[in-house]
Amino acid sequence: LFKETRLYMKYGQFKNRVLSLPLIKSRDLIKSEKETQIMRNQFKRWQEKGLVIKLKRGIYILNENDRKINPSRQFIANQLYAPSYVSLEYALNFYGIIPERVMEVTSITTKKTARFSNGLGSFVYQRIKPSAFRGFKAVKDERGLTYLMAEPEKAIVDFLYLNLSTIKTLGKGVFKDSYRFQNIGSLHQNKLKEFSKLFKSNRLTENIKILCEFIKKEKVG
């Protein structure tokens, strides 16, 4: 990508090269070990000047004034740590199932649990086994960028699975009083049950049954 005489790029040149990209991945700009260190030094200087924002090692975005594309945090979450899909509290709030606004973008991954904090927010990843890594769909954000997000039923199942110990402590009123689940009448109970089977957990299966009973009562009420 770079000629020997152009290893040191001016920011304006760099900006024009990446303006059409939602995110900047340094590996896509570098083709030799020599370029690696040079670009690393340049990115560091541009960060100090506020020209680029580091999202994690090797992934950057132009500053707000210079960037042409403003990707959603959901899209960024998918890109920071893959494979992953947006789920848990963030998805539950997105679907209106819990009333609380969620600041962190919460995701599911098959890799180890991780967290990234940067100038655009906090991104949290919880691990589940690969066999349960299903139940998500491709969604387009306001800029037309595609990201993966859990279906509402899978977001609930993921959430309950990762909070089984808490549910046992809180008791049967957990769904209404503690988690304050709402707008659940349209949830597909068969989907809830099928997704729960992916985890092969008797405790999860039992809690999904209780949740389905709660959904029935909410419909009647």
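Here is what the cut-offs are and how they apply
Residues numbered from 1 in each chain as written. Predicted model: local features only at pLDDT ≥ 70, side-chain atom pairs only at ≥ 80, totals over all residues. Heavy atoms only, no water. Core = buried A, V, L, I, M, F, W, Y, C linked by side-chain atoms within 4.5 Å. Buried < 20%, exposed > 50% of the residue type's maximum accessible area, 1.4 Å probe, protein only. Helix = DSSP H or I, 4+ residues; strand = E, 2+ residues; numbered from the N terminus. Contact = heavy atoms within 4.5 Å. Salt bridge = Lys/Arg side-chain N within 4 Å of Asp/Glu carboxyl O.

A. Broad picture of the nonpolar core. Counting 56 residues, the largest nonpolar core has I156, L160, F181 and L211 as its most contacted members. Examining the composition of this core, we find that six residues originate from one element, helix α9 (residues 202-220), more than from any other. In this structure L211 touches I156, L160, F175, F181 and L192, once residues within four positions along its chain are discounted.

B. Representation of unusual backbone geometry within the structure. In the segment running from A82 into P83, the intervening peptide bond is cis, with an omega of 0°. Here P83 is to be found in the loop between α3 (73-80) and β4 (84-86). Residues other than glycine seldom take positive phi values, yet L88 does so here, at roughly 55°. With respect to the helices, strands and loops of the structure, L88 is situated in helix α4 (residues 88-94).

C. View of the environment of I128. By secondary structure assignment, the location of I128 is in the loop between β7 (121-127) and β8 (136-140). Using a relative accessible area of 1% as the deciding quantity, one classes I128 as buried. Every residue in contact with I128, bar those within four places of it in the chain, is listed here: Y85, I108, T109, T110, F133, K154, D158, Y161 and F199.

D. Region of the structure containing the pattern of salt bridges. Summed over all chains, the structure comprises five salt bridges. Between R115 and E104 there is a salt bridge, with the nearest N and O atoms lying 2.5 Å from each other. Within this pair, whereas R115 is found in strand β6 (residues 114-118), its partner E104 is found in the loop between α4 and β5 (105-109), the two being separated by 11 residues in sequence. Linking K154 and D158 is a salt bridge whose minimum nitrogen-to-oxygen distance equals 2.7 Å. Of this pair, K154 and D158 both sit in helix α5 (residues 152-162), four residues apart, which is roughly one turn of that helix.

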